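Chains, contacts and geometry: an overview
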Amino acid sequence: MAFGRLEKPAGHRPMSDINVTPLVDVMLVLLVIFILAAPLMASRLALELPQVEAAGATAVDAPAAFVALSVDAQGQAYWDDQSIDADTLRQRLQAAAERDPGTELQLRADTAVPYGRVVALIALAQNAGLSRIGFVADPSAPAPSVPVPAR
């Protein structure tokens, strides 16, 4: 009889369960980050911008065939600095498209011209068969301060 003896404690057994609390914490943080970042990635524009050398850059080559069309603040169209009406403009645009379908329309519009007038001229050029349209701006003028709406 082991009357005076105390049994020796068995000690701590190794834990065989995996503690998943840190794993759940990390996954929840990643989930929140992806929820916040997903709308930012979806609203991004995919643009292919032209590449130009910074030092010793040359001017972009002008197209072989182009048509210069200007619109003043009152909405009057000018073909090579000569006033032109809508029917004559349509005929000249069609003639330019028949000569060379790759002809570029270089559109110069005053800042006071309503957007609808510019869109009407673009539609007129596209209906005539011209698909290359360039918007000409004055690079030496300071950029106007346009308020950007907050998102």
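A few points on the structure. Bear in mind that the values here come from a model prediction, so they are computed numbers and not experimental data.

**So, the overall build of the protein chain**
Of the regular secondary structure elements, the protein chain holds three helices and five strands. Counted from the first residue to the last, the protein chain has its helices and strands arranged as α-β-β-β-α-β-α-β. Looking at the 151 residues of the protein chain, the share that counts as buried comes to 19%. Here the analysis covers contacts within the protein chain between residues at least 6 apart in sequence; of these, 66% occur between residues at least 24 apart. Accessible surface, the protein chain: about 13000 Å² in total, of which carbon and sulfur atoms supply 60%.

**Observations concerning the pattern of salt bridges**
Taken as a whole and judged by the stated rule, the model has two salt bridges. Its salt-bridge partner being D87, residue R90 comes within 3.2 Å of it at the nearest N-O pair. Here R90 and its partner D87 are both found in helix 2 (residues 86-99), three residues apart, which amounts to about one turn of the helix. Linking E104 and R132 is a salt bridge whose minimum nitrogen-to-oxygen distance equals 3.3 Å. One end of the pair, E104, is in strand 4 (residues 104-109); the other, R132, is in strand 5 (residues 132-135), and 28 residues separate them in sequence. Taking the relative accessible area as the measure of exposure, E104 reaches 15% and is therefore buried. A residue is classified by how much of its surface remains accessible, and R132, at 39% relative accessible area, is partly exposed.

**Some details on the sheet that holds strand 3 (residues 82-83)**
Pairing in this open sheet of five strands is mixed, and the strands run 3-2-1-4-5 from one edge to the other. Only two strands of the sheet have a single neighbouring strand rather than two, namely strand 3 and strand 5. By the bridge criterion, two bridges tie strand 2 (residues 77-79) to strand 3 in an arrangement that is antiparallel. Bridged to W79 within strand 3 is Q82. Each of strand 1 (66-71), strand 2 and strand 4 is contacted by helix 2, which is oriented at about 40° to strand 2, the strand it contacts most.

**Details of the packing of helix 2 against helix 3 (residues 115-128)**
Running from N to C, helix 2 and helix 3 cross one another at 45°; their axes reach a closest spacing of 8 Å. As far as their axial angle goes, helix 3 and helix 2 are oblique. Regarding helix 2 and helix 3, the two cross each other, and that crossing is right-handed. Residue-level inspection shows L89, R90, L93, Q94 and A97 of helix 2 in contact with helix 3, the latter providing L121, L124, A125 and A128. Residues that form the contact of helix 2 with helix 3 fall into these classes: seven nonpolar, one polar and one charged.

**Details of the pairing of strand 4**
In terms of strand pairing, strand 1 meets strand 4 through six bridges, oriented parallel. Its bridge partner being in strand 4, F66 is matched across the sheet by E104. In the sheet, strand 4 pairs with strand 5 via four bridges, with the strands oriented parallel. For E104, the partnering residue across the bridge sits in strand 5 and is R132. Assessed by its sense of winding, the connection that carries the chain from strand 4 through helix 3 to strand 5 is right-handed.

**Things to note about the layout of surface pockets**
Considered as a void within the structure, the largest pocket measures approximately 300 Å³ in volume. Around the largest pocket, the lining comprises twelve residues; the ones closest to its centre are R108, A109, D110, T111 and V136. Broken down by secondary-structure element, the contributors of at least two residues to the lining of the largest pocket are strand 4 and helix 3. By residue number, the principal contributor to the lining of the largest pocket is strand 4, which donates three residues. Split by residue class, the lining of the largest pocket holds eight nonpolar, one polar and three charged.

Conventions used here
Residues numbered from 1 in each chain as written. Predicted model: local features only at pLDDT ≥ 70, side-chain atom pairs only at ≥ 80, totals over all residues. Heavy atoms only, no water. Helix = DSSP H or I, 4+ residues; strand = E, 2+ residues; numbered from the N terminus. Buried < 20%, exposed > 50% of the residue type's maximum accessible area, 1.4 Å probe, protein only. Contact = heavy atoms within 4.5 Å. Areas by Shrake-Rupley, 256 points an atom, 1.4 Å probe, with all protein chains shown as cover. Salt bridge = Lys/Arg side-chain N within 4 Å of Asp/Glu carboxyl O. Pairing = 2+ DSSP bridges. Axes fitted to C-alpha atoms, helices over the stretch in contact; angles between N-to-C directions. Parallel < 35°, antiparallel > 145°, perpendicular 65-115°, else oblique. Left-handed = near helix turned anticlockwise from the far one by under 90°. Nonpolar A, V, L, I, M, F, W, Y, C, P; charged D, E, K, R; others polar. Right-handed = clockwise from strand over helix to strand, strands pointing away. 1 Å grid on protein atoms, 1.4 Å probe; cavity = no way out; pocket = protein on both sides within 12 Å on 5 of 7 lines; lining within 4 Å. Points joined across faces, edges and corners; volume = space filled by probe spheres on them.

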